[in-house]
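Chain by chain, the residues:
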Amino acid sequence: MLTNTKRLLFILPTLIFLAAAVGFLMGLDPDRDPSAIPSPMIDEPAPQISLPAVEGLDLPGLEPELLKGSPVTVVNLWASWCAPCRIEHPQLMTLAKEPGVRILGIDYKDRADQAVKFLEELGNPFSAVGFDQTGRGGIDWGITGVPETFFLDREGRIRYRHVGPIDADTLENAIMPRLREIAG
Amino acid sequence: MIPELGHYALVLALLVALSQSVLPLYGAARGAGRLMAFADHAALVQFLLLAFAFAALVQSYLVSDFTVVNVVQNSHSMKPLLYKFAGAWGNHEGSLLLWVLMLALFGAGVALFGRNLPASLRARVLAVQALIALGFLAFMLATSNPFLRIFPPPLDGRDLNPLLQDPGLAFHPPLLYLGYVGFSLVFSFAVAALLEGKIDPAWARWVRPWTLIAWTALTAGIALGARWAYYELGWGGWWFWDPVENVSFMPWLAGTALLHCVSVVEKREAFRAWTVLLAILVFSLSLLGTFIVRSGLLTSVHAFAVDPERGVFILALLFIAIGGSLAIFAWRAPALAGGGAFMPVSREGGLLLNNLLLSVACGTVLFGTLYPLFLELITGEVVSVGPQFYNKTFVPLSIPLLVLLGIGPFLPWKRADLSKVLPRLLGAASASLAVAILAAILLGGGPVMAVLFMGLAAWLVLSSLVELAERLRLFKIPLRDSLSRLTGLPRRQWGMTLAHAGLGIAIAGMTASSVWKEEQIKTLQPGESLEIAGYELTLTDVERVTGPNYQAEQANLRVTVEGEEIGLLRPERRFYPVQRMPTTEAAIRITVLGDLYAVLGDTSADPRAGYLLRVYFEPLVIWIWVGTLIMVVGGVLAISARQPQRVAAARRASPQPAE
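Residues numbered from 1 in each chain as written. Chains lettered and ligands numbered in written order. Predicted model: local features only at pLDDT ≥ 70, side-chain atom pairs only at ≥ 80, totals over all residues.

(A) Summary view of the overall build of chain B. A count of helices and strands for chain B gives 21 helices and ten strands. Projected onto the principal axes, the alpha-carbon positions of chain B cover approximately 80 × 70 × 55 Å. Expressed as a percentage of its 659 residues, the buried residues of chain B come to 50%. Considering only contacts within chain B whose residues lie at least 6 apart along the sequence, 74% involve residues at least 24 apart. (Helix = DSSP H or I, 4+ residues; strand = E, 2+ residues; numbered from the N terminus. Buried ≥ 20, exposed ≤ 12 C-beta atoms within 10 Å, placed from the backbone. Contact = placed C-beta atoms within 7 Å.)

(B) Here's a closer look at the overall build of chain A. The secondary structure content of chain A amounts to five helices and five strands. Going residue by residue from the N terminus, the α and β elements of chain A occur as α-β-α-β-α-β-α-β-β-α. Relative to a compact globule of 184 residues, whose C-alpha radius of gyration would be 16 Å, chain A shows 23 Å and is clearly more extended. Across its three principal directions, the C-alpha atoms of chain A cover 90 × 30 × 30 Å. For chain A, with 184 residues in total, the buried portion stands at 35%. Restricting the contact set of chain A to residue pairs at least 6 apart, pairs at least 24 apart contribute 75%. (Rg over C-alpha atoms; globule rule 2.2 N^0.38 Å.)

(C) Spatial organisation of the nonpolar core. Formed by 185 residues in total, the largest nonpolar core has its most connected members in V100(B), V186(B) and V276(B). Top element by residues in this core is helix α8 (residues 201-232) of chain B. It accounts for 19 residues. V186(B) has contacts with V207(B), W210(B), T211(B), A214(B), A279(B), V282(B) and F283(B), leaving out every residue within four places of it along the chain. Counting residues in hydrophobic clusters, the runner-up holds 37 residues, among them I106(A), Y108(A), F118(A) and V129(A). (Core = buried A, V, L, I, M, F, W, Y, C linked by C-beta atoms within 7 Å.)

(D) View of helix α5 (residues 168-183) of chain A. All names here are of chain A. The terminal C-alpha atoms of α5, which comprises 16 residues, lie 21 Å apart, in line with the 22 Å expected from a rise of 1.5 Å per residue. Approximately 40° is the largest bend angle found in α5, and it occurs at I175, with the proline P177 only one to four residues beyond. The first or second residue beyond α5 is G184, which carries a positive phi of 80°. (Expected span 1.5 Å × (residues − 1). Bend = angle between axes of the 7 residues up to and from the residue.)

(E) Geometry of helix α9 (residues 243-268) of chain B. Residue and element names in this part refer to chain B. Over its 26 residues, α9 runs 37 Å from end to end, which matches the ideal 38 Å to within 8%, given 1.5 Å per residue. Among the 26 residues of α9, 24 are classified as buried, and the element is accordingly described as predominantly covered. One or two residues past the end of α9 sits E269, with phi positive at roughly 60°.

(F) Broad picture of the pairing of strand β3 (residues 128-132) of chain A. Residues and elements named next belong to chain A. For β3, the buried fraction is high: four of the five residues fall into the buried class. Bridging between strand β2 (residues 101-108) and β3 involves five bridges; their strand directions are parallel. Paired with Y108 across the strands is D132, a residue of β3. At this point the chain moves from β2, through helix α3 (residues 112-122), to the parallel β3, and the crossover so formed is right-handed. (Pairing = 2+ DSSP bridges. Right-handed = clockwise from strand over helix to strand, strands pointing away.)

(G) Here's a closer look at the sheet that holds strand β1 (residues 72-78) of chain A. All names here are of chain A. Strand order in the open sheet formed by five strands is β3-β2-β1-β4-β5, with mixed pairing between adjacent strands. Each edge of the open sheet is held by one strand with a lone partner, namely β3 and β5 (158-163). When strand polarity is set aside, the average angle formed by the axes of neighbouring strands in this sheet is 20°. One ladder, built from seven bridges, connects β1 with β2; its direction is parallel. The partner of V74 across the bridge, within β2, is I103. (Axes fitted to C-alpha atoms, helices over the stretch in contact; angles between N-to-C directions.)

(H) Just the packing of helix α1 (residues 4-27) of chain A against helix α12 (residues 347-379) of chain B, in detail. Between α1(A) and α12(B), the least distance of the axes is 10 Å, while the angle of their chain directions is 75°. Between α1(A) and α12(B), the interaxial angle falls into the category roughly perpendicular. Touching G23(A), M26(A) and G27(A) of α1(A) are L373(B), F374(B) and L377(B), all from α12(B). Counted by class, the contact of α1(A) with α12(B) contains four nonpolar, two polar and no charged residues. (Parallel < 35°, antiparallel > 145°, perpendicular 65-115°, else oblique. Nonpolar A, V, L, I, M, F, W, Y, C, P; charged D, E, K, R; others polar.)

(I) Up close: the environment of V146(A). Residue and element names in this part refer to chain A. The residue V146 is located in the loop between α4 (136-141) and β4 (148-152) in this model. The class for V146 is buried, based on 25 C-beta atoms found within 10 Å. Dropping the residues within four chain positions of it, V146 is found in contact with L77, W78, A79, C82, C85 and Y108.

(J) The confidence of the model for chain B, seen in detail. All names here are of chain B. Summary statistics for chain B give a mean pLDDT of 87 and a share of 94% for residues scoring 70 or more. Averaged pLDDT values over the elements of chain B bottom out at 43 in helix α21 (residues 644-653) and peak at 96 in helix α20 (residues 621-639). Below pLDDT 50 for its whole length, residues 645-659 participates in 14 contacts with residues either more than four positions away or in separate chains. Of the two predicted TM-score estimates for the complex, the pTM is 0.81 and the ipTM is 0.79. (pLDDT = per-residue confidence, 0-100.)

(K) Representation of the environment of L15(A) within the structure. Residue and element names in this part refer to chain A. Mapped onto the elements, L15 comes out in helix α1. Residue L15 is classed as exposed on the basis of its C-beta count, with 12 C-beta atoms lying within 10 Å. The spacing of L15 and K117 is 102 residues in sequence and 66 Å in space, taken between C-alpha atoms.

(L) Summary view of the packing of helix α1 (residues 2-30) of chain B against helix α2 (residues 33-62) of chain B. Residues and elements named next belong to chain B. Two elements in contact, α1 and α2, have axes separated by 8 Å at closest approach and are oriented at 160°. The orientation of α1 with respect to α2, classified from their angle, is roughly antiparallel. Our pair here, α1 against α2, has a crossing hand that is left-handed. (Left-handed = near helix turned anticlockwise from the far one by under 90°.)

(M) Highlighting unusual backbone geometry. Residues and elements named next belong to chain B. Cis rather than trans, the peptide bond between F151 and P152 has omega equal to -5°. With respect to the helices and strands, P152 occurs in the loop between α6 (119-143) and α7 (167-196). A positive phi angle is found at W241, which is not glycine, with a value near 50°. Within the fold, W241 resides in the loop between α8 and α9.

(N) Representation of the pairing of β4(A) in the model. Residue and element names in this part refer to chain A. For β4, the buried fraction is high: five of the five residues fall into the buried class. Here β4 shows a buried face lined by E148, F150 and L152 and a second buried face lined by T149 and F151. As paired strands, β1 and β4 are joined by five bridges and run antiparallel to one another. Residue pairing in the sheet places N76 in a bridge with T149 of β4. Direction of pairing for β4 relative to β5: antiparallel, over a ladder of five bridges. Along β5, the bridge assignment pairs F150 with R161. What sits between the antiparallel neighbours β4 and β5 is a turn of five residues, in which G156 has the positive phi angle 80°.

(O) Quick look at the environment of L25(B). All names here are of chain B. Among the structural elements, L25 can be located in helix α1. Taking C-alpha positions, L25 is 9.2 Å from A39, a pair spaced 14 residues apart along the chain. Once you skip the residues sitting within four places of it in the chain, L25 turns out to touch R124 and A127.

Now the structure itself:
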């Protein structure tokens, strides 16, 4: 005759699996985003740095006070040498037409004349562009590469971060809902 | 037309799977021979139908049929032919079809080569196999049909993810699936045996070759995956404890445990309930892997596109397959207790410890993989479990396992005398110690753990060689007699020796390349150079090259040692316009002592800014690939071993020191 403990031992694998299965079912919640690795920058004030204007470009440089005030401020790190930035650019042009959105650029490790040519060719969505020749600004913003885009609320806090180029699809389905949320 | 035929073949396969699962089970319960025999024919028909469906999909890829959604999403007319071919299984739907095809392949294998199995056992095995196929075919047709059409067809496709455009893709997934799915057959054998209520040495003899096939394929598949990560991802690493890597590693650990305890059932009839449970768990872990990769439950670089609906469907399949088989286990297995008695110090005792350690190691990987998910569900906190966790749990756990691995083969069944066994290993142990010290001196010190593992690597190789030498009675009888023993050695014996020694070689490579890796990151102008591990790399120039479906910048690096030119490294940075994705192509110079690995980083258009180069020196990396290859060769030799009955006869003919 088997003792009850021994019988329980044989049932144990089933019980453990059932518990895990409940967890898996909860994990499949469509609202959960497993790839959302929390950035330490989220909900923190944006880095307060000044960057000079791009030589030959008729726009002011980046100043800390520009990061506040607009319902949504978008900070885009880009460069003329970066091919994905070229792909992303039309989406920035669309964003620039949104009411209540101010787009600031940080021109990362670039050449001024190339940057000017880039914007002449593809259009200018920015109201100010800081020239970050040394890459110091990129370090302060904690970027992993260009392009990278940050979305700030009226108080100048970082509310959302997008790594890599924003394509038309991402703009429509991921960025626009976020903008409305940030603008409140 | 061809895609529709493929689609119909899938529907027919579903119907065949349905009848293949129901009729033989009923027949086996009633003892109706004809119904049982139906399983054989059904298994073959199902394989042919799925082979046809798979061929239809491959055909659609080869001719770039952009009326098929799956081809549009994963192919491009400009893609090289090899990747059109391999692209057929480089996506969720196609890989699922490959998965089911493998499932049917194993079923057909049993129908063709399992003639010596009792009719009822064979019928039940094939029925359980068909139940698994039924679930996956229903899943495929309901949520992941690879043959869906699109109208109007686009002019060209969206191309395959550039990271997957690598020759490794052609072999890595099929081998991995051969492993995962191979364990499905072991699972079917376990469930069928529970239904039969009989597990004996004969059962173990039938299960063993299939376990070996799955294990060997999985070993090769994981090694290829690690190799792909090594040269394609451009980080100079080969294993990242990423969830998708872990879910292939867990079935390997559990499968290794299974391989060892099946032989205990075969020889001594002990551990029967445990062996059956392990057989169920190995395949459950494979299924769990499928679920994690395809449901978006955890994030990973390897994961497929995510669809929550699919996740729920696979979870339901998981629930039925794993929950159902474990329930049958809880119901029928208590009758299986008992078996041959043995002392704690014996071959059985050693294998018990081996199984315990492998299971705990597998458990830590499972814990590390699922912990972030469960923590998030319970507390809402988001964490990620990194290599530090595994370095502190899995790595120390493997130390007693590796020590034991050297001793185990010397232990006789039933009872062993350590005072007789250990002196035979004294030579191997002291030589391993010497190797560890030598490694520490040669490689310039390092953490104690790393030196220990170099010693353990040597221990595995040397103890395997000592064991082999004892079998050959080397230096005890004339050399010529030893040589004739060498050729007469059973292949199963070769399998064990090679697998153990291969693991040792691979561990040496893993340890050295993780611990003594050197790294240099520097921005170079043409004409400038950097130094690493005694090599001097000079950037001569950077040129633009155009591939079939990408553009690239290629750096030319001249490699010199003490002023003498020994070669050229050409790392590339590619951009794939269709997928709008940049990739790095590392340039690697392979030597026995270590790889020189160069990656071209982000470059700016400004020539004054120079080019960012990351260069690594990775000691002994090639040992990992050679070691795993030796393990795979060992597996293949053991699979090709003669029938167990004849091996048993041969065993009696040649006296063996350990048994």
